[in-house]
Amino acid sequence: MNINIHYDGKGIRHMAIIGELDTREKIQQLLSHMEQNIEETHITFFDSSILHWSIIEKLYALQKHKRSRVFVLKPYLYAYLSKIGIRSYYVAQEPEGCKKESEVTTRNSKALYAQQVMDFLTAIYDQYGYDYTQYQIDSIMRRIKLCMLKENIQSFEVFKRVVLENEEVFERLFLDFSINITDFFRDPEVFAAIRDKILPYLDSFHHIKIWCAGCSTGQEAYSLAIMLDELNMLNKTQIYATDINPFVVEEAENGLYPLAGIENNIRNYRNAKGSKSFMKYFKVKETYMEIDVRLKKSILFFQHSLVNSGSINEFQLILCRNVLIYFSPDLQKNILKNFYCSLNQNGFLILGKREGILNNGGHQYFCNYDPENRMFRRRALKEA
Ligand SMILES: C[S@@+](CC[C@H](N)C(=O)[O-])C[C@H]1O[C@@H](n2cnc3c(N)ncnc32)[C@H](O)[C@@H]1O
């Protein structure tokens, strides 16, 4: 990472951050520059798609005293900062070769064929290591079309080439493939059922291990941690929270959430039988709130793909909600088998409210526990 600094004729300090801020030392280096007492600073983040919470805190403080302007080149960072109320300016970039190619293509976008798309997904896997070949093809095709529109490319052949040659464009397609909608205590009745029907059983263990697979920006894992804390079970629990998308994993680790929409979170918390004050778990700033450090420490967030992966531990409970819905039945079956191998005897699996195990062969591995809340229990070894 490089930090280039210069002062213009008006005494404004311009800082250009080039490269990733991916180590503690680099973050510290930037923080020490930001701490210097300069009248006005303009900071441009060239390559960062996400920032560590300590830098966000500093940006927030500078902005509060009207002493900074933030410029970003990555759309993900722009969206993240605006979500938590930090104003930034988005500097749009034209990926090399992209415009030229799109201009020479006809305006009529041709129909996409499943086989073309499968070949493209295989090439993406070879080039970037992300395997989307077993996702629901209709949903993938919709997202490709959306990305082509945003990139202003009409020809699929051109789009394919641009994505495979230009990592920046692939990154944007990757983000379009990733649906990250989530919330604190999403489907509160499911959390109430976890509290009443699963946690009393888990409490009989000395040590509890829970896996939140496809955790998105972390609200689901933190909701579990809050519930466990209220039942005095947090100190003996380790939550693993994983997602294929490295940016949402970093957002989750940051634990910063917008204050807007908080009423809905509080309502969900109460409907999930939360017994304290939801806000007690956050340090509140003017535009965002930060999750309690104790809760952060109980969760290990890391990037992990459910596709082609083996079991990662032995858990008593796995949540994989609103993820399988994007996968083909064959892939769903493989993943359910993997969950079976990653659960201990009598372990629990919870899927999303619209997901089941009947059409994908999962009944081999699991039986119903609370069908309404999509809770399943691992079958005994000889049954499976
Ligand atoms: C709709 S969110 C669900 C979040 C949370 N579980 C919930 O229900 O609120 C789906 C998440 O699955 C993740 N995902 C998609 N494919 C995945 C894969 N192959 N491995 C792990 N996570 C994946 C996405 O990145 C996204 O964050």
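If you're wondering where the values come from, they're calculated on a predicted model, not measured in any experiment. (Residues numbered from 1 in each chain as written. Predicted model: local features only at pLDDT ≥ 70, side-chain atom pairs only at ≥ 80, totals over all residues. Heavy atoms only, no water.)

**A short note on the nonpolar core**
Counting residues in hydrophobic clusters, the biggest one holds 79 residues, and the most contacted among them are Phe45, Ile55, Ile144, Phe159, Phe339 and Phe366. In this view, Phe366 contacts Leu336, Phe339, Tyr340, Leu343, Leu349, Ile357, Phe376, Arg377, Arg378 and Arg379; residues no more than four positions away in its chain are not counted. If you look at the next biggest cluster of nonpolar residues, it comprises 44 residues, including Tyr257, Met289, Ile291 and Leu317. (Core = buried A, V, L, I, M, F, W, Y, C linked by side-chain atoms within 4.5 Å. Buried < 20%, exposed > 50% of the residue type's maximum accessible area, 1.4 Å probe, protein only. Contact = heavy atoms within 4.5 Å.)

**Some words on helix 9 (residues 188-202)**
Between its first and last C-alpha atoms helix 9 spans 20 Å; for 15 residues at 1.5 Å apiece the expected length is 21 Å, and the two agree. The largest bend in helix 9 amounts to roughly 35 degrees and is located at Arg195. All buried positions along helix 9 are accounted for by Pro188, Val190, Phe191, Ala192, Ala193, Ile194, Arg195, Ile198, Leu199 and Leu202. (Helix = DSSP H or I, 4+ residues; strand = E, 2+ residues; numbered from the N terminus. Expected span 1.5 Å × (residues − 1). Bend = angle between axes of the 7 residues up to and from the residue.)

**Quick look at the sheet that holds strand 4 (residues 68-72)**
Ordered in space as 1-2-3-4-5, the five strands form an open sheet in which the pairing is mixed. In this open sheet, the two strands that pair with only one neighbour each are strand 1 (2-7) and strand 5 (89-90). Where strand 2 (residues 13-18) lies against strand 3 (residues 41-45), five bridges are found, and the strand directions are parallel. Note that in strand 3 the partner of His14 across the bridge is His42. Sheet strands in contact with helix 1 (residues 24-35) are strand 1, strand 2 and strand 3, and its direction is about 170 degrees off that of strand 2. In the packing of helix 3 (residues 75-83) onto the sheet, the strands contacted are strand 3, strand 4 and strand 5, and the crossing angle to strand 4 comes to about 140 degrees. (Pairing = 2+ DSSP bridges. Axes fitted to C-alpha atoms, helices over the stretch in contact; angles between N-to-C directions.)

**Describing helix 8 (residues 167-177)**
For helix 8, the full list of buried residues reads Val169, Phe170, Leu173, Phe174, Leu175, Asp176 and Phe177. On the buried face of helix 8, the contacting elements are helix 3, helix 5 (114-128), helix 6 (137-151), helix 7 (156-165) and helix 11 (246-254). Sitting at the head of helix 8, Asn166 places a side-chain oxygen 3.0 Å from the backbone nitrogen of Glu168. (Polar contact = N/O pair within 3.5 Å; in protein donor to acceptor, adjacent residues only side chain to side chain.)

**A closer look at the pattern of salt bridges**
Evaluated as defined, the whole model comprises 18 salt bridges. Arg294 is the partner of Asp229 in a salt bridge, and the nearest nitrogen-oxygen pair spans 2.9 Å. Here Arg294 lies in helix 13 (residues 293-297) and Asp229 lies in helix 10 (residues 219-230), a separation of 65 residues in the sequence. Counted as one network, the salt bridges with shared partners bring together Lys74, Glu168 and Glu171. (Salt bridge = Lys/Arg side-chain N within 4 Å of Asp/Glu carboxyl O.)

**Side note on the domain arrangement of the chain**
On domain assignment, one finds that the chain holds domain 1 (2-90), domain 2 (98-177) and domain 3 (188-383). Between domain 2 and domain 3, the C-alpha centre-to-centre distance is 32 Å. On the side of domain 3, 14 residues touch domain 2, which itself brings 11 residues to the contact. Of the roughly 1,100 Å² buried where domain 2 meets domain 3, counting both sides, 55% is carbon and sulfur surface. Looking only at domain 2, the three residues that lose the most surface to domain 3 are Gln134, Tyr135 and Gln136, adding up to 51% of its buried area. On the surface where domain 2 and domain 3 come into contact, there are zero salt bridges. For the pair domain 2 and domain 3, the number of links is four residue pairs in polar contact (both at pLDDT 80 or more). No other element matches helix 8, which puts three residues into the side of domain 2 that touches domain 3. When the residues that make up the side of domain 2 that touches domain 3 are grouped by side-chain class, the tally is six nonpolar, three polar and two charged. (Domains from an automatic or database assignment. Buried area = accessible area lost by both parts, 1.4 Å probe. Nonpolar A, V, L, I, M, F, W, Y, C, P; charged D, E, K, R; others polar.)

**Brief notes about unusual backbone geometry**
Positive phi, normally seen in glycine, also occurs at Asn152, with a value near 60 degrees. Topologically, Asn152 is positioned in the loop between helix 6 and helix 7. At Ser216, a residue that is not glycine, the phi angle is positive and equals roughly 50 degrees. Residue Ser216 is classed as buried on the basis of its relative accessible area of 6%.

**Here's the deal with empty space enclosed by the protein**
Applying the stated criterion to the full structure yields one cavity of 30 Å³ or more. Roughly 30 Å³ of internal volume is contained in the largest cavity. Lining of the largest cavity is provided by Tyr135, Ser139, Ile140, Arg143, Phe177, Ile179 and Tyr326. Looking at which element gives the most residues to the lining of the largest cavity, the answer is helix 6, with three residues. Of the residues belonging to the lining of the largest cavity, the class tally is five nonpolar, one polar and one charged. (1 Å grid on protein atoms, 1.4 Å probe; cavity = no way out; pocket = protein on both sides within 12 Å on 5 of 7 lines; lining within 4 Å. Points joined across faces, edges and corners; volume = space filled by probe spheres on them.)

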